[in-house]
Amino acid sequence: MKIFRDPITHFVLIGLALVAINHFWNGYQGEQGRTITVSAAEIDRLSALWANTAGRLPTGEDKQQIIDQYVQQEVLVREAQRLGLGDDDTIIKRRLAQKMDFLVSGESKADNPSDAELESWFDANRDKFAAPERRSFIHIYLSPEKHGGAIERVAANILQNVQPGTDWKGLGDPFIQKRSYAAIPESEVTRLFGPDFASAIFKLSPGQWSPPIGSAFGLHLVRIEAIDDAAEANFEPIRAEVAAAWKEDQSTKAKKAALQELVRGYDVVIEGADE
């Protein structure tokens, strides 16, 4: 018949066939998606997790509850996916990114280096292992809440009157932390008092009270009691520490390279970047 030789008829028939195939495929996928299989391996995994939390092996009743919870969770996840609840969800995206980051990190494990390679890396990164300068100090604290605008004058008066042998512990105001610190590095002083305070006291000479130094807490008169100079690190005594740091460094570099390779597989379009 002439109608079956018409190209338009061919186009329509092909379209109908594609629609039918799509319909039956979606139906098949839907049926498959409504089957929840709880494998023996999954039951064993869930039971082991349960035992680690409970401190005992699960009974038959416990196992049934474990399976019920797994099925309920699977149903809720699939229904949420069906409704598109995960689309554009920041928390879900972040969690998926974290899991992918974990997988990439797992693939970035470094092999053990040779002795020559490890020692060469240590020489290039020796400063990371050097013992930093440490200082022991005492301080007299002045509270801005107590003294207000007169705090500078009070500090100057104390500084003028504090002499060698003076009971400095009886001066100033109570302090929430310690009044004396022994062999503490600048990084720790920064954490406790702030960067400006740390920078100032690591420039002081020992044995005399400093002018008032500000911190996040208020004002301090500080006296350096002792200075332990920075010490250069030697390779052999800390070989294990160096090896651990080398592995971490190599893994970080490998992970960064792997992420860059993944990014190169995408076309990144930043709208408004040229505005």
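The structure displayed is predicted, hence computed values, not measured ones.

Rules behind the numbers
- Residues numbered from 1 in each chain as written.
- Predicted model: local features only at pLDDT ≥ 70, side-chain atom pairs only at ≥ 80, totals over all residues.
- Heavy atoms only, no water.
- Pairing = 2+ DSSP bridges.
- Helix = DSSP H or I, 4+ residues; strand = E, 2+ residues; numbered from the N terminus.
- Contact = heavy atoms within 4.5 Å.
- Axes fitted to C-alpha atoms, helices over the stretch in contact; angles between N-to-C directions.
- Parallel < 35°, antiparallel > 145°, perpendicular 65-115°, else oblique.
- Left-handed = near helix turned anticlockwise from the far one by under 90°.
- Core = buried A, V, L, I, M, F, W, Y, C linked by side-chain atoms within 4.5 Å.
- Buried < 20%, exposed > 50% of the residue type's maximum accessible area, 1.4 Å probe, protein only.
- pLDDT = per-residue confidence, 0-100.
- Phe/Tyr/Trp six-rings, centres within 6.5 Å; stacked < 30°, edge-to-face > 60°.
- Expected span 1.5 Å × (residues − 1).

S.K.: What is the right way to read the sheet that holds strand E3 (residues 213-214) from this model?
M.R.: Backbone-to-backbone hydrogen bonds pair the strands of a sheet. The strands run either parallel or antiparallel. Taking strand neighbours across the sheet as the criterion, the four strands line up as E2-E1-E4-E3 in an open arrangement whose pairing is antiparallel. Edge positions in the sheet fall to strand E2 (180-185) and E3, since each has one partner strand and no second. Note that strand E1 (residues 134-142) and strand E4 (residues 219-228) share nine bridges and pair antiparallel. Counterpart to His139 in the pairing with E4 is Val222. On top of the sheet, helix H7 (residues 151-161) reaches E1 and E4; it is set at about 45° to E4, its chief contact.

S.K.: Would you explain the packing of helix H2 (residues 40-54) against helix H3 (residues 60-82) in this entry?
M.R.: Two quantities define a packed helix pair, namely the angle between the axes and the distance from one axis to the other. Axis separation between H2 and H3 bottoms out at 10 Å; the angle between their running directions is 110°. When the interaxial angle is binned, H2 and H3 end up roughly perpendicular. Considering only the axes of H2 and H3, their crossing is right-handed. Between H2 and H3, the contacting residues are Glu42, Ile43, Leu46, Ser47 and Trp50 on the first element and Asp62, Lys63, Ile66, Ile67 and Tyr70 on the second.

S.K.: Sorry if this is basic, but what is going on with the nonpolar core here?
M.R.: Residues Phe137, Tyr181, Val189, Phe193, Phe197, Ile201 and Val222 are the most contacted members of the largest nonpolar core, which totals 16 residues. Look past the residues within four positions of Val189 in its chain and what remains in contact with it is Phe137, Ile184, Gly194, Phe197, Ala198, Ile201 and Phe202. Core analysis: the next-biggest nonpolar cluster, separate from the first, contains twelve residues, Ile138, Leu142, Leu219 and Leu221 among them.

S.K.: Could you clarify how one ought to interpret the confidence of the model for the chain in this entry?
M.R.: Parts of the model with low pLDDT should not have their predicted coordinates read in detail. Of all residues in the chain, 85% attain a pLDDT of 70 or more, and the chain-wide mean is 84. Per-residue pLDDT, averaged within each element of the chain, yields its smallest value for helix H1 (residues 7-33) (52) and its largest for E1 (97).

S.K.: How should the packing of aromatic side chains be read in this particular structure?
M.R.: Taken as a whole, this structure holds 13 aromatic pairs when the rule is applied. Arranged with centres 5.4 Å apart and planes meeting at 50°, the rings of Phe122 and Phe235 form a pair that is tilted. Of this pair, Phe122 sits in helix H5 (residues 115-124) while Phe235 sits in the loop between E4 and helix H10 (239-264), placing them 113 residues apart in sequence. This pair shows no difference in class: Phe122 is buried, exactly as Phe235 is. The rings of Phe137, Tyr141, Phe175, Tyr181, Phe193, Phe197 and Phe217 are connected pair by pair, giving a single aromatic cluster.

S.K.: Can you help me understand the pairing of E1 in this one?
M.R.: Working note: regular strand, side chains alternate between the two faces of the sheet. Taking burial as the measure, the nine residues of E1 include eight buried ones, the bulk of the element. Pairing between E1 and E2: four bridges, direction antiparallel. Opposite Arg135, over in E2, you have Ile184 as the bridge partner.

S.K.: Even after reading the chapter, I still don't get H2, so can you show me in this structure?
M.R.: Each α-helix winds once per 3.6 residues, and so residues spaced three or four apart point in a common direction. Helix length check: H2 (15 residues) gives 21 Å between terminal C-alpha atoms against 21 Å at 1.5 Å per residue, within 8%. Within H2, burial applies to Glu42, Leu46, Ser47 and Ala51. Residues of H2 that are buried make contact with H3. Remark: Gly55 follows H2 within two positions and exhibits a positive phi of approximately 80°.

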